Amino acid sequence: MLAFAQLSDIHLGQDRGDDGARARERTERVLAHLAGLPGRLDAVLLTGDIADHGAQAEYSLAAELFGRYGLRPLICPGNHDVRGAYRSVLLGGDAFDASPVNEVHQLLGGTFLMCDSSVPGEGWGRLDDATLTWLDAALAAAPHDRPAFVCFHHPPLPLHGQCVDPIRQFGEDRLAAVVARHPHVAALLCGHAHTPAVTTFAGRPLVAAPGVVSTLRMPWEGEDDGPLDHALPPQLAFHVLDDEGRLTTHFRVVP
């Protein structure tokens, strides 16, 4: 059995009249919850929008908080992230390298492929050709007797959220073709939606993690105050892949 957590969209530095204190407090609340769990997790994922403005100071704060709570999440960029600052502060890489940030992590229980679906300067996403070539090769090289999880920020299909669908991941047929070649892909995991959502993509489970900084109101819930609810508490997801290859996801509110 493989058990791991996923959080998304912490947006450190988001200013709602409080100099970013609110986003930090909510992030710390979730990290403290994870650090205080009595049981062991195999991994913690953070699927993008770590920073709100892509500033080095925001990534430095993220690194500080991860260290404070003893966590080393597997990460990928979102549309609010800036590759150079992200890469230099969180990964110790070249601040002038603007290429996609893609990483593969081999754990005992599975392979996690953290893909960069961001398009610099845009809210919508797309896996570029270099990323898809990398993903195809990394999946081919990964142990086929272990599950593989393809992770990115932007969902590759509509989730029926009024402000998210126009800026989802596009060119998804190319991703579907890669996934189809690799039967050991157990699931695809994303963020960006600011709402927990479960569906399928290319015949595999697709799970969107809830947002930490805010929650998306769906069209039938009303949007008189805007589509994002900043009063609801932060949430996260816990995923379990059992010995039969079945993925189960539990969503938790962190009060």
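Our structure's up above, just so we're on the same page.
Structural notes, computed from the coordinates.

What counts and what doesn't
- Residues numbered from 1 in each chain as written.
- Predicted model: local features only at pLDDT ≥ 70, side-chain atom pairs only at ≥ 80, totals over all residues.
- Heavy atoms only, no water.
- Salt bridge = Lys/Arg side-chain N within 4 Å of Asp/Glu carboxyl O.
- Helix = DSSP H or I, 4+ residues; strand = E, 2+ residues; numbered from the N terminus.
- Buried < 20%, exposed > 50% of the residue type's maximum accessible area, 1.4 Å probe, protein only.
- Polar contact = N/O pair within 3.5 Å; in protein donor to acceptor, adjacent residues only side chain to side chain.

Moving on to the pattern of salt bridges. Enumeration according to the criterion identifies 14 salt bridges in this entry. A salt bridge links Arg68 to Glu28, with the shortest nitrogen-to-oxygen separation between them at 3.1 Å. Here Arg68, found in helix α2 (residues 56–68), pairs with Glu28, found in helix α1 (residues 21–35); they are 40 residues apart in sequence, far enough to count as distant. Overall, Arg68 belongs to the partly exposed group, its relative accessible area being 44%. When the shortest N-O distance is used, the salt bridge between Glu64 and Arg68 registers 2.6 Å. Of the two residues, Glu64 and Arg68 both sit in helix α2, 4 residues apart, roughly one turn of that helix. Through salt bridges with shared partners, a single ionic network connects Arg24, Glu28, Glu64 and Arg68.

What follows covers the environment of Glu25. Locating Glu25 in the fold gives a position in helix α1. Placed 188 residues apart in sequence, Glu25 and Val213 show a C-alpha to C-alpha distance of 9.5 Å. Looking at Glu25, its side chain comes within polar contact range of the side chain of Arg29, at 2.9 Å.

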